[in-house]
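# Chain and residue survey
Listed here are the chains, written in short residue letters.
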Amino acid sequence: MEFLSPSTWEEALAAKSGRPEAVPITGGTDVMVELNFDRRRPGALLDLSRLPEPAQWRAEGGHLRLGAAVTYTAIVEHLAGHAPALAQAARSVASPQIRNRGSVGGNLGSASPAGDCHPPLVAAGAEVELASVRGVRRVPAREFYLGPGSSVREADELISAVLVPAPAGPQQFSKIGTRNAMVIAVASFCLVLDAGARTVGTGIGSAGPRPLRSPEAEAFLAAEFDWEGGAEPSEAAARHFGALVAAAAEPIDDVRGTAAYRRHALAVMARRAWVWCAADYRKGAR
Ligand SMILES: Cc1cc2nc3c(=O)[nH]c(=O)nc-3n(C[C@H](O)[C@H](O)[C@H](O)COP(=O)(O)OP(=O)(O)OC[C@H]3O[C@@H](n4cnc5c(N)ncnc54)[C@H](O)[C@@H]3O)c2cc1C
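Residues numbered from 1 in each chain as written. Predicted model: local features only at pLDDT ≥ 70, side-chain atom pairs only at ≥ 80, totals over all residues. Heavy atoms only, no water.

## Structural notes on the side chain of threonine 71
Mapped onto the fold, threonine 71 is located in the loop between strand S5 (63-67) and helix H3 (72-78). For threonine 71, the side chain forms a polar contact with the main-chain nitrogen of alanine 74, separated by 3.1 Å. If sequence neighbours within four positions are ignored, threonine 71 has contacts with Arg99, Asn100, Arg101, Gly102 and Ser103. (Helix = DSSP H or I, 4+ residues; strand = E, 2+ residues; numbered from the N terminus. Polar contact = N/O pair within 3.5 Å; in protein donor to acceptor, adjacent residues only side chain to side chain. Contact = heavy atoms within 4.5 Å.)

## Describing the packing of helix H10 (residues 235-248) against helix H11 (residues 259-282)
Where H10 meets H11, the closest approach of the two axes is 8 Å, and the angle between their N-to-C directions is 135 degrees. Taken together, the axes of H10 and H11 lie oblique to each other. Where H10 crosses over H11, the two elements pack in a sense that is right-handed. Residues Ala237, Ala238, Arg239, Phe241, Gly242, Val245, Ala246 and Ala247 of H10 lie in contact with H11, whose contacting residues are Arg263, Leu266, Ala267, Ala270, Arg271 and Trp274. Of the residues that constitute the contact of H10 with H11, the class distribution is 10 nonpolar, one polar and three charged. (Axes fitted to C-alpha atoms, helices over the stretch in contact; angles between N-to-C directions. Parallel < 35°, antiparallel > 145°, perpendicular 65-115°, else oblique. Left-handed = near helix turned anticlockwise from the far one by under 90°. Nonpolar A, V, L, I, M, F, W, Y, C, P; charged D, E, K, R; others polar.)

## Side note on the packing of aromatic side chains
Throughout the structure, instances matching the rule amount to seven aromatic pairs. Ring centres 6.4 Å apart and planes at 80 degrees place the aromatic pair phenylalanine 220 and tryptophan 274 in the edge-to-face group. Placement of the pair is phenylalanine 220 in helix H9 (residues 215-224) and tryptophan 274 in helix H11, with a sequence separation of 54 residues. When sorted by exposure, phenylalanine 220 lands in the same class as tryptophan 274, which is buried. When the ring of tryptophan 227 is compared with that of tyrosine 281, the centres are 6.2 Å apart and the planes differ by 75 degrees; the resulting orientation is edge-to-face. With tryptophan 227 in the loop between H9 and H10 and tyrosine 281 in helix H11, this pair connects stretches of sequence that are 54 residues apart. In this pair, the class of tryptophan 227 matches that of tyrosine 281, namely buried. (Phe/Tyr/Trp six-rings, centres within 6.5 Å; stacked < 30°, edge-to-face > 60°. Buried < 20%, exposed > 50% of the residue type's maximum accessible area, 1.4 Å probe, protein only.)

Limitation: the analysis is restricted to geometry and does not speak to function.
In structure tokens, the structure reads:
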């Protein structure tokens, strides 16, 4: 196996263009598992872990620009104020060792429906930046995923960054698993409120072939949320919101849980997310 080790981002793009089949490696927390279990034998690995650009972040025009190699640890330690739901999700990933290596770009590269970054990125209306020698394009996270392990990224493209809109209201991420740590989500849910625009974003994880959202639940909550005072929802309204979220899921039965359990869990997480967001709203998270 060849190991391509570019020393600049431009060299990395040129290498990917010349060898589109080369497998990028950032933190390696997914790639190395696949190699170790002999699930993948690529002819070449393209090492992105030494490049400075993808590890950087900055606020840019109403967005947080997160380089693809920014780790979960960096998000938790430095970026909770800029991307609260993503930071909540990052806190829930694996162990400190994995959080020190694993990156948002790697999560997108794997495009697992269970990846924890996806619901916050979908709910917040983030964009994924893809780069190649042909140029740079930005794709809404909501359109990035095609199916398990598959995305709109072309073979010669690398994920350069993710652009997350600055928070404009409360955000909540929650995840159900068989235990609290070191667990792949059985189902996950994210709710993002924009108090200025009075709009709502949802993100559903691990309950479909790709991360999903519920436009019906978003429209319902945008109309029902108490944008003046952040009052608690009625039991009936919260249940209806949960039911709309559950209905948008496309879950399957697998080793981690049944489709029915996933729908139930989503309904519960959605109701709680509304209650928690309303409480944050009353405390001034606008
Ligand atoms: C013990 C363990 C626990 C885990 N727990 C969780 C968890 O709780 N939640 C969760 O979501 N994930 C979990 N994971 C999976 C993994 O840690 C995450 O998916 C992580 O975000 C991968 O990031 P990475 O930088 O290590 O990616 P890598 O392993 O380097 O790459 C992952 C994929 O993305 C591609 N890639 C990497 N960088 C780029 C780029 N810039 N452009 C294009 N493609 C790229 C690679 O080719 C590969 O296909 C766990 C893994 C392990 C081993």
